[in-house]
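Structural overview
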Amino acid sequence: MDYLSSDMKLNILDSIPDGFLDTVPEEMYKILDGPSLIQIEGEPGPPLFLATLLHGNESTGIQAIQKVIKFYNENGMRLPKPLNILVGNVEAARTKERHLEHQPDYNRIWNGGDLKENKFAQEVISLVKNSGPFASIDIHNTSGQNPHYSCVNKLDAPFINLANLFSETLVYFTRPKEVLSNAMAEFCPSITIEAGQPGDPSGIQHVYEFLKKCLRLEKIPLDWKGQYDPQVYHTIARVRVPPESKIGFGDDSQDKDFCFIEKLDQKNFHELPANSLIGWRSNPDMKLSVINESDEEIESDIFDYVEKEIRLKRSVVPSMFTTNENIVHQDCLGYFMERFAIDSNNRSI
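In this text the structure is predicted, and so the values were computed from the model without any measurement.

Concerning the packing of aromatic side chains
The tally for this structure, following the rule as stated, stands at 12 aromatic pairs. Each member of the aromatic cluster is reached from another via a ring pair, and the members are F71, Y72 and Y208. Looking at K212, its charged tip hangs above the ring of F71, at a distance of 4.1 Å from the centre. Over the aromatic face of Y305 sits the side chain of R281, whose NZ or CZ is 3.9 Å from the ring centroid.

Considering the sheet that holds strand β15 (residues 303–306)
The strand order β11-β12-β13-β16-β15 describes an open sheet built from five strands, whose pairing is mixed. Either end of the sheet is taken by a strand with one partner, and the two such strands are β11 (247–249) and β15. This sheet shows a mean twist of 30 degrees between the axes of neighbouring strands, independent of strand direction. Sheet analysis places β15 next to strand β16 (residues 309–312), joined by four bridges and oriented antiparallel. Across the sheet, the residue bridging to F303 is L312, located in β16.

As for helix α1 (residues 60–74)
Along its 15 residues, α1 runs 21 Å from first to last C-alpha, staying within 8% of the 21 Å computed at 1.5 Å per residue. Every buried residue belonging to α1 is among T60, G61, I62, A64, I65, Q66, V68, I69 and Y72, and all of these are buried. Looking one or two residues past α1, G76 carries a phi angle of roughly 65 degrees, positive in sign.

Looking at the nonpolar core
One finds L48, L83, V87, I137, F210 and L211 to be the most contacted residues of the largest nonpolar core, which totals 48 residues. When residues in this core are grouped by element, the largest group, seven residues, is from helix α6 (residues 201–216). Each residue touching V87, except ones within four places of it in the same chain, is listed here: F20, M28, L32, G34, P35, S36, I38, T52, L53 and I62. Counting 26 residues, the second-largest nonpolar core is a separate cluster that includes F260, I261, L264 and I298.

Here we look at the pairing of strand β5 (residues 83–87)
Across the five residues that make up β5, a large majority, five, are buried. Burial of β5 is two-sided: the residues L83, I85 and V87 facing one way and the residues N84 and L86 facing the other way are all buried. Sheet topology note: the strand β3 (residues 36–40)/β5 ladder contains five bridges and is antiparallel. In the strand pairing of β5, L37 is matched with L86. Of the pairings in the sheet, the one linking strand β4 (residues 48–52) to β5 comprises five bridges and is parallel in character. The residue bridging T52 from the neighbouring strand is V87, located in β5. After leaving β4, the chain enters α1 and then returns to the sheet as β5, a path that is right-handed.

What counts as what
For every chain, the first residue of its written sequence is number 1, and the numbers climb from 1 along that sequence. Side-chain atom pairs in this predicted model are given and counted only at pLDDT of 80 or more, local residue features only at pLDDT of at least 70, and totals for whole chains, interfaces and linings cover all residues. Hydrogens and waters are ignored; side-chain quantities use all the structure's heavy atoms. Two rings from Phe, Tyr or Trp (for Trp, the six-membered ring) form a pair when their centres are within 6.5 Å of each other. A pair whose planes differ by under 30 degrees is stacked, one over 60 is edge-to-face, and the rest are tilted. Both a distance and an angle decide whether a charge sits over a ring: NZ of Lys or CZ of Arg must be within 6 Å of the ring centre and within 35 degrees of the ring normal. In this analysis, strands are considered paired if DSSP registers two or more bridges between them. Here a helix means four or more residues in a row that DSSP labels H or I, a strand means two or more in a row labelled E, and each is numbered from the N terminus. Lines fitted to C-alpha atoms define the axes here, with helix axes fitted over just the stretch in contact, and angles between the N-to-C directions of these axes take values from 0 to 180 degrees. One less than the residue count of a helix, multiplied by 1.5 Å, gives the span that helix is expected to have. Buried, partly exposed and exposed residues are distinguished by accessible area as a fraction of the type maximum, computed with a 1.4 Å probe on protein chains only: under 20%, between the cut-offs, and over 50%, respectively. We call a set of buried residues a nonpolar core when its members are Ala, Val, Leu, Ile, Met, Phe, Trp, Tyr or Cys and they connect through side-chain atoms within 4.5 Å of each other. Should any heavy atoms of two residues lie within 4.5 Å, those residues are counted as being in contact. For the handedness criterion, the strands are oriented away from the viewer, and a crossover whose path from the first strand over the helix to the second runs clockwise is classed as right-handed.

Okay, structure coming up:
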């Protein structure tokens, strides 16, 4: 194992540790002493890189990976490709939290920086790049209700083709820049998959089947020649609440600065017209923050405060809106998107 600092280490393992395949995510800290890169042999060829548990409360990835490896082991078969598996925040997984109070978000550390976690991230990037990866897949869950979908940071055809293997619904984004998929996209096809809420058996099964497809895939096509028409959305902004604000949902409005409509997450991936009600504001000194892809504040272009009501000024498509108050404060309330057409210039590289 390589030590990155006195209190942060990256475990580099050349085989599956004992107990790994049968350990639940919240007890993975008993098997792995911190973030770990597990390198598993397979048939000769470039390895498939998988990242899981970057958020400690998102368990589907590791459960699907366990299921894939068990399938090949139980059938006496060698993996069709080598696997490099990054298991991230096992400390936060212990308590099923996105990240602990003393930690940064493990999916916001991949664009440089001086934190010990940034150094760990750069070590992972270097190791994965030097392995000549087939592709990179970062596996996540959503806290709110969303369909299963894929995210890409580049519109090159291999990215689109890989993403489409998981879902016909694709989200294209370039911010936050600090996510793992952005870093890996510099040297291999790289996607993020969002597999619904943690613990949902259908999400685990979907990721399991998708990973088996990827392992069997000889190459990622360099074009798609009109074989399908992916439904692509472009993320245009991220919505955050003031750090010191008190928030609620539905009837939970007492002593709250903001109260959002009940079941706000059920609006995800449904187009909302202008003037749609988002919630209420009881503190006129506070405003929501809406940051676009150029890191500009565009709140005044998106929201209208009509007396206490918060309404949309324009039509948007929400995604990843959550009613989990901890996640709202740790990360964001959600994202706004718009439908996005891919022109012919993106159909091949």
